[in-house]
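Inside the fold
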Amino acid sequence: KATIVIPNINGKGWLKDSIESVYAQTEQDFELIVVDNGSTDESLEQARSYCSRENFTLIENGTNTGLSHAVNQALRWRTVNMWCCSTTMPLPNPGLEELIRTAETDPKIFAVQSLMIRHFDRELADDAGDYVTWMGFACKTG
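All figures in this text were calculated on a predicted structure; none of them were measured in a lab. (Residues numbered from 1 in each chain as written. Predicted model: local features only at pLDDT ≥ 70, side-chain atom pairs only at ≥ 80, totals over all residues. Heavy atoms only, no water.)

1. Describing the pairing of strand E1 (residues 2-8)
Note the cut-off: Three exposure classes are used, based on accessible area relative to the maximum for each residue type with a 1.4 Å probe and protein chains only: buried under 20%, partly exposed in between, and exposed over 50%. Working definition: helices are DSSP H or I runs of at least four residues, strands are E runs of at least two. Numbering for both runs from the N terminus. The pairing criterion is simple: DSSP has to find at least two bridges between the two strands. Orient the strands so they point away from the viewer; a crossover is then right-handed if the path from the first strand over the helix to the second runs clockwise.
The buried fraction of E1 amounts to seven of the seven residues, a majority that puts the element mostly inside the structure. Residues Ala2, Ile4, Ile6 and Asn8 point to one face of E1 and Thr3, Val5 and Pro7 to the other, with burial holding for every one of them. Two strands pair when backbone bridges link them, and E1 and strand E2 (residues 30-37) are joined in this way by seven bridges, in the parallel orientation. By the bridge assignment for E2, Val5 is matched with Ile33. Handedness of the crossover joining E1 and E2 through helix H1 (residues 15-23): right-handed.

The structure is reproduced here in structure tokens:
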């Protein structure tokens, strides 16, 4: 139903929790693709530890190819009808289910996004996305 893309570069402090939050979702019809952009911390090893999990793919880039390239690389990996991107902290449950349900309510909807919360002041929304605790969105591709 959805492909979740997590671009990673040196995400040791949040990657494991983000991956675990995806597997804890009420919606279990997904594929998870982590694209590592040349991490030098332990996050690449964290990602590798999930390679035996169902519906998990790891793409390893030796250098930082950038967010857009990483997402496009993942989308070329599989043909998908809907994809989600989590670029920071864990996906709240049932976040994936809600994003998909909202995107499917009207054929005119191309993308939906959850609220971005400021990392250093979690009582405020982050309209610029510069210090985000969690950001997720779903886009229809077909």
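2. A short note on the pattern of salt bridges
Where we set the bar: A side-chain nitrogen of Lys or Arg and a carboxyl oxygen of Asp or Glu constitute a salt bridge if their distance falls within 4 Å.
Summed over all chains, the structure comprises six salt bridges. Residues Glu20 and Arg53 are paired through a salt bridge, measuring 3.8 Å at the closest nitrogen-oxygen approach. Of this pair, Glu20 sits in helix H1 while Arg53 sits in the loop between helix H2 (43-48) and strand E3 (56-61), and the two are 33 residues apart along the sequence. Accessibility expressed as a relative area gives 34% for Glu20, which makes it partly exposed.

3. Quick word on the pairing of E2
Burial runs high along E2: eight of the eight residues are buried. Residues Phe30, Leu32, Val34 and Asp36 of E2 are buried on one face, and the alternating residues Glu31, Ile33, Val35 and Asn37, pointing to the opposite face, are buried as well. Note: E2 against E3, six bridges, orientation parallel. Note that in E3 the partner of Asp36 across the bridge is Glu60. The handedness of the E2 to E3 crossover, carried by H2, is right-handed.

4. Some words on unusual backbone geometry
Of note, Asn10 is a non-glycine position whose phi angle comes to about 55°, a positive value. If you check the backbone angles, Asn55 has positive phi at about 65° while not being a glycine. Relative to the helices and strands, Asn55 is located in the loop between H2 and E3. By relative accessible area, Asn55 is classed as partly exposed at 33%.

5. Remarks on the environment of Asp36
Under the convention used in this document: Here, residues are in contact when the closest pair of their heavy atoms is within 4.5 Å. N or O atoms closer than or at 3.5 Å make up a polar contact, with two conditions inside protein: a donor-capable atom paired with an acceptor-capable one, and, for residues adjacent in sequence, both atoms drawn from side chains.
If you trace the backbone, Asp36 turns up in strand E2. Distance from Asp36 to Ala70, taken between C-alpha atoms, is 7.9 Å for residues 34 residues apart in sequence. Residue contacts for Asp36: discarding those within four places in its chain leaves Asn8, Ser43, Leu44, Leu58, Ile59, Glu60 and Asn61. Within the local environment of Asp36, its side chain forms a polar contact with the side chain of Asn8, the two groups lying 2.7 Å apart.

Purely geometric numbers; function is a separate question.
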